[in-house]
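Descriptive structure summary
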Number of protein chains: 2
Amino acid sequence: MTITITAFERSPDGGKGLARDTRVRWALEEVGQPYDVRLVSFRDMKEPAHLRLHPFGQIPTLEEDDLVLFETGAIVLHLAQSRPGLLPDDAHARARAIAWMFAALNTVEPPILDIVVVKFQEGDKPWAQERLPLVMDRIRARLVQLAARLGDAEWLDGAFSAGDLMMVSVLLRLRPSGLLDEFPGLAAYVARGEARPAYQRAFAAQWAVNAAPPPAA
Amino acid sequence: MTITITAFERSPDGGKGLARDTRVRWALEEVGQPYDVRLVSFRDMKEPAHLRLHPFGQIPTLEEDDLVLFETGAIVLHLAQSRPGLLPDDAHARARAIAWMFAALNTVEPPILDIVVVKFQEGDKPWAQERLPLVMDRIRARLVQLAARLGDAEWLDGAFSAGDLMMVSVLLRLRPSGLLDEFPGLAAYVARGEARPAYQRAFAAQWAVNAAPPPAA
């Protein structure tokens, strides 16, 4: 069985590992599943061939036999539910790990993504500079709650799970902003995630694509 | 086995069914699972007793025997995976239905929730009026893609699933804005969701809580 994922031909972050294929690569590495990558350009992503895989014209996608999946969360969950390594065996603990996946994507990430809106999509607007601290405060409010729940634990709920994979991935987006440094417990949690060999391999794989010299003109 | 969920003592929407407990009520009705509701005030939600159930101090939560879950997506997925009625039997179709749940929550809903930011959280800011059309255009971009994928189909991927439940719930938020009327195919899709007896029961149950006369002072 072959798995093929899609990734940016050239990630906007230049290899920082913040594009969403890194999350899927990480999950694939954690479960020990080899995979192929098909690189797509921004133009490819809006073409009918890619829209058939991903109705919103984004990456990543997953193709596995005749299964086609889009949405990072769904792809990671599919990998976690079909292979050992990313979810506990106990049914209740499994449901809780999945809850942390949703929390990462729906409760913690949306205010973080607002940084992209304020800095880039609306970076030229007169209100951008005044809005940024409001956005940062909304993120802080979530991080206070998350740090309180994590406490001194190594991971969010027992052993490392797909919930931690997603939460660490989401928090990594904050590193350039410096916000993570205000929460040493969360910064250490993110560092534990990054130290995992599976993350290291995933990061290196996306780096090889995005930090390579641009193709000759 | 008893299931207890939490809901607002008094929803900010006054009974329009947009609070997230409606999504969980709908799922419970679709799978034919009776449930109890514990109403919580805004003050209760920030207290340690509730934060033990929900680290971010929100509703809904689910308690079932010794399982405690938070995050609407996780609760609906748990109900859908543990009871028949909300996911297809075929493994691939199941994974695709779950992908639509994530798409609803992570790709379609975030730009929609920005309406709340611009109108309420930043409603008093000088930029609010000028930002609103930008927010609306980001939502439109998603709706164009969603409408293209749905086409003339009744539901997003075969029979009605938890993916449709979540997408209809997310789109319902748009009704007050009038945006849904620009997409007759999506408006009809939402109307099909609302017409389901399970949705009707869920809506009526939250209405009974939120549209009742306020408690005597």
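Residues numbered from 1 in each chain as written. Chains lettered and ligands numbered in written order. Predicted model: local features only at pLDDT ≥ 70, side-chain atom pairs only at ≥ 80, totals over all residues.

Observations concerning the overall build of chain A
Assigned secondary structure in chain A consists of nine helices and four strands. Over its C-alpha atoms chain A spans a radius of gyration of 18 Å, differing by no more than 12% from the 17 Å that the globule rule assigns to 217 residues. Seen through its principal axes, chain A has C-alpha atoms that stretch 50 × 40 × 30 Å. Burial status across chain A gives 46% buried among its 217 residues. Restricting to contacts in chain A with at least 6 residues of sequence separation, those with at least 24 account for 71%. (Helix = DSSP H or I, 4+ residues; strand = E, 2+ residues; numbered from the N terminus. Rg over C-alpha atoms; globule rule 2.2 N^0.38 Å. Buried ≥ 20, exposed ≤ 12 C-beta atoms within 10 Å, placed from the backbone. Contact = placed C-beta atoms within 7 Å.)

Description of the relation of the copies chain B and chain A
Superposing chain B onto chain A takes a rotation of 180° combined with a translation of 0.0 Å along the rotation axis, leaving an RMSD of 0.0 Å. Here the two chains are linked by the operation of a two-fold rotation axis. Both copies share a contact surface, since 100% of the interface residues of chain B are interface residues in chain A too. (Least-squares fit on C-alpha atoms with pLDDT ≥ 70 in both.)

A short note on the domain arrangement of chain A
All names here are of chain A. Segmentation of chain A into domains returns domain 1 (3–85 + 199–210) and domain 2 (91–196). Here domain 1 and domain 2 have C-alpha centroids that lie 21 Å from each other. Listed as interface residues are 12 residues of domain 1 and, on the opposing side, 12 residues of domain 2. Those elements that place two or more of their residues in the side of domain 1 that touches domain 2 are helix H1 (21–30), helix H4 (72–82) and helix H9 (197–210). In terms of residue count, the dominant contributor to the side of domain 1 that touches domain 2 is H1 (five residues). (Domains from an automatic or database assignment.)

Focus: the pairing of strand S4 (residues 67–70) of chain B
Residue and element names in this part refer to chain B. Relative to S4, strand S3 (residues 61–64) runs antiparallel, the two being bridged by four bridges. When the bridges of S4 are listed, Glu64 appears paired with Leu67. Between S3 and S4, which pair antiparallel in sequence order, lie two residues; one of them, Asp65, sits at a positive phi of approximately 50°. (Pairing = 2+ DSSP bridges.)

Some remarks on the interface of chain B and chain A
A common way to report how large an interface is uses the accessible area buried once the components associate. Contacts between chain B and chain A engage 31 residues on the former and 31 residues on the latter. Residue assignment for the side of chain B that touches chain A shows that the elements contributing at least two residues are S4, helix H4 (72–82), helix H5 (91–121) and helix H6 (128–150) of chain B. The element contributing the most residues to the side of chain B that touches chain A is H5 of chain B, with 12 residues. Here the side of chain B that touches chain A is composed, by residue class, of 18 nonpolar, seven polar and six charged. (Nonpolar A, V, L, I, M, F, W, Y, C, P; charged D, E, K, R; others polar.)

Overview of the nonpolar core
Val76 and Ala162 of chain A together with Val76 and Ala162 of chain B are the most contacted members of the largest nonpolar core, which totals 122 residues. Setting aside anything within four residues of it in sequence, one finds Ala162 of chain A in contact with Ala27, Val76, Leu77, Ala80, Leu86, Leu87, Ala97 and Met101 of chain A. (Core = buried A, V, L, I, M, F, W, Y, C linked by C-beta atoms within 7 Å.)

Regarding the sheet that holds strand S1 (residues 3–8) of chain A
Residue and element names in this part refer to chain A. Across the sheet, which stays open at both edges, the four strands sit in the order S2-S1-S3-S4 with mixed pairing between neighbours. Bordering the open sheet on either side are strand S2 (36–40) and strand S4 (67–70), each of which pairs with just one other strand. Across the sheet, the mean angle from the axis of one strand to that of its neighbour is 20°, orientation sign disregarded. (Axes fitted to C-alpha atoms, helices over the stretch in contact; angles between N-to-C directions.)

Here we look at the environment of Leu165 of chain A
Residue and element names in this part refer to chain A. Along the chain, Leu165 falls in helix H7 (residues 162–172). Placed 138 residues apart in sequence, Leu165 and Ala27 show a C-alpha to C-alpha distance of 7.6 Å. Ignoring anything within four residues of it in the chain, the contact list for Leu165 reads Arg23, Trp26, Ala27, Glu30, Val76 and Leu86.

Quick look at the packing of H4 of chain B against helix H7 (residues 162–172) of chain B
Residues and elements named next belong to chain B. At a minimum axis separation of 10 Å, H4 and H7 run at an interaxial angle of 150°. Classified by the angle between their axes, H4 and H7 sit roughly antiparallel to one another. With respect to the hand of their crossing, H4 and H7 are arranged in right-handed fashion. Side by side, H4 and H7 meet where Gly73, Val76, Leu77 and Ala80 of the first sit next to Ala162, Leu165 and Met166 of the second. (Parallel < 35°, antiparallel > 145°, perpendicular 65-115°, else oblique. Left-handed = near helix turned anticlockwise from the far one by under 90°.)

Topic: unusual backbone geometry
Here Ile59 of chain A and Pro60 of chain A are connected by a cis peptide whose omega angle stands at 0°. Looking at the secondary structure, you find Pro60 of chain A in the loop between helix H3 (48–53) and strand S3 (61–64). In this model, Asp65 of chain A sits at a positive phi of 50°, which is unusual for a non-glycine residue. Take Asp65 of chain A: it is sitting in the loop between S3 and S4. Despite not being glycine, Glu71 of chain B shows a phi value in the positive range, around 75°. With respect to the helices and strands, Glu71 of chain B occurs in the loop between S4 and H4.

A closer look at the sheet that holds strand S2 (residues 36–40) of chain B
Across a sheet, paired strands are connected by hydrogen bonds in the backbone, their directions being either parallel or antiparallel. Residues and elements named next belong to chain B. The mixed open sheet is built from four strands, whose spatial order is S2-S1-S3-S4. Each edge of the sheet is formed by a strand with only one pairing partner; in this case those strands are S2 and S4. Put simply, the sheet's adjacent strands are angled 20° from each other on average, direction ignored.

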